[in-house]
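# Working through the structure, step by step
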Amino acid sequence: MLYTLVIKAIGLSLIVHIVALEKSQALTSDESGVRRSQSQTNHERRRRNAEYVITSEAIQNMVNLINTYRRNVVPGPASDMQYMEWDDELADLAQQWADECEVSLGIVDNDYPDPIEQNIYSTSLPDINLLGNLTTASIEHWNSYGNDYDYNSNECDGQYCDFYQKQVLASANSVGCGIKACPFTSFHIGLVLCYYAPGPFDSNQQPYQLGEPCSECTENTICDDGLCRSNSSSSCNLDCENGGECYLDEEDGGLEKCDCPDGFAGEVCQKVSVTVYCDCAPPAR
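Residues numbered from 1 in each chain as written. Predicted model: local features only at pLDDT ≥ 70, side-chain atom pairs only at ≥ 80, totals over all residues. Heavy atoms only, no water.

Structural remark: α-helix, 3.6 residues per turn; residues separated by three or four positions point the same way. A rise of 1.5 Å per residue sets the reference length of helix H4 (residues 56–71), with its 16 residues, at 22 Å; its end C-alpha atoms lie 22 Å apart and thus fit the reference within 8%. Of the residues making up H4, those classed as buried are Ala58, Ile59, Met62, Val63, Leu65, Ile66, Asn67 and Arg70. (Helix = DSSP H or I, 4+ residues; strand = E, 2+ residues; numbered from the N terminus. Expected span 1.5 Å × (residues − 1). Buried < 20%, exposed > 50% of the residue type's maximum accessible area, 1.4 Å probe, protein only.)

Given below as structure tokens:
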């Protein structure tokens, strides 16, 4: 209990110090464990083996919260802010590092095509069953550092403004996170690690530009409620059935919809649609 109170009062720097002191005494933990890629198989395997699985619902909640913060930056609005989407490959890399329980920023060797930025959140965990609560708590925590950041001067009245700045980095459009309950001698540390791409983040520059929302979007993007969103099937997460293809309807505010093949209908092409032609006489009266 003493560890819990001290950690909450002093924060991340003390947690890292305690980890350094107690890592040799740590209990052995299990191997733990949307952009689709070859790494997705590893990602799914690791998520199945983790003590907590980031569910599809949790992923959607995290992405929605991040994009809500990006739409509502202060000062704002941003003219070039991209829509953030979940990336399984980034999530797999983040989970691999989280599994090491280093409680520090880092990344395993990888061949990801873009520069990657990182955020970390750690807290004492009185009950391991509360680990899932940290998915959105971490995002809220990083956003709170925006209170210490002065956009106009690009200066920070604190130590951790970069956590906020990375989360609202306009050029980033992909995020993936890993989560772990790291066991130590008398307590657990709940750890959330999120990777963002493409980077890099430059602390000497403001993370976004002010102006009319979407006025600085690049080609092949649509304006999704103030965010620049890629207008391609790869950025569409609706699971269309029966050979349907997901697309973003620009005329309907970028809403995800399914383009259903002949013979199917419904929101995700789940219904059989058959047109019957009858060349027959009406029944006799």
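Following the structure, the description resumes.
Our focus in this paragraph is the confidence of the model for the protein chain. For the protein chain, per-residue confidence averages 81 on the pLDDT scale, and residues scoring 70 or more make up 76% of the total. The least confident element of the protein chain is helix H1 (residues 2–10), whose mean pLDDT is 32; the most confident is strand E3 (residues 149–150), at 98. (pLDDT = per-residue confidence, 0-100.)

Ordered by their spatial adjacency, four strands build an open sheet running E1-E5-E6-E2, and the pairing between neighbours is mixed. Unpaired on one side and paired on the other, strand E1 (85–86) and strand E2 (117–125) mark the two borders of the sheet. Relative to strand E5 (residues 174–183), E1 runs parallel, the two sharing two bridges. Counted as the bridge partner of Glu85 is Ser174 from E5. Packed on one face of the sheet, helix H5 (residues 88–98) meets E1, E5 and strand E6 (188–197) and runs near 20 degrees to E5. (Pairing = 2+ DSSP bridges. Contact = heavy atoms within 4.5 Å. Axes fitted to C-alpha atoms, helices over the stretch in contact; angles between N-to-C directions.)

To continue, consider the packing of aromatic side chains. Tallying each qualifying case throughout the model produces six aromatic pairs. Pairwise contacts between aromatic rings join Tyr145, Tyr160 and Phe163 into one cluster. The ring of Tyr83 is capped by Arg229, whose NZ or CZ atom sits 4.1 Å from the centre of that ring. (Phe/Tyr/Trp six-rings, centres within 6.5 Å; stacked < 30°, edge-to-face > 60°. Lys NZ or Arg CZ within 6 Å of the ring centre and 35° of its normal.)

Now for the state of the cysteines. Evaluation of the coordinates by the stated rule reveals seven disulfides. Each disulfide pairs two cysteine sulfurs, and for Cys101 the partner residue is Cys182, the sulfurs being separated by 2.2 Å. One disulfide, between Cys101 and Cys182, carries an S-S torsion of -90 degrees and so falls in the left-handed class. A residue pair is termed long-range when its members are at least 10 positions apart, and Cys101 in the loop between H5 and E2 and Cys182 in strand E5 qualify at 81 residues. Neither residue differs from the other here; Cys101 and Cys182 are each classed as buried. (Disulfide = S-S within 2.5 Å.)

On to the side chain of Asn154, then. Relative to the helices and strands, Asn154 resides in the loop between E3 and strand E4 (155–156). On the basis of relative accessible area, Asn154 is assigned to the buried category, the value being 18%. At 2.6 Å, the side chain of Asn154 forms a polar contact with the side chain of Tyr149. For Asn154, the residues in contact, after removing those within four places along its chain, are Tyr149, Gln165, Ser203, Asn204, Gln205 and Gln206. (Polar contact = N/O pair within 3.5 Å; in protein donor to acceptor, adjacent residues only side chain to side chain.)

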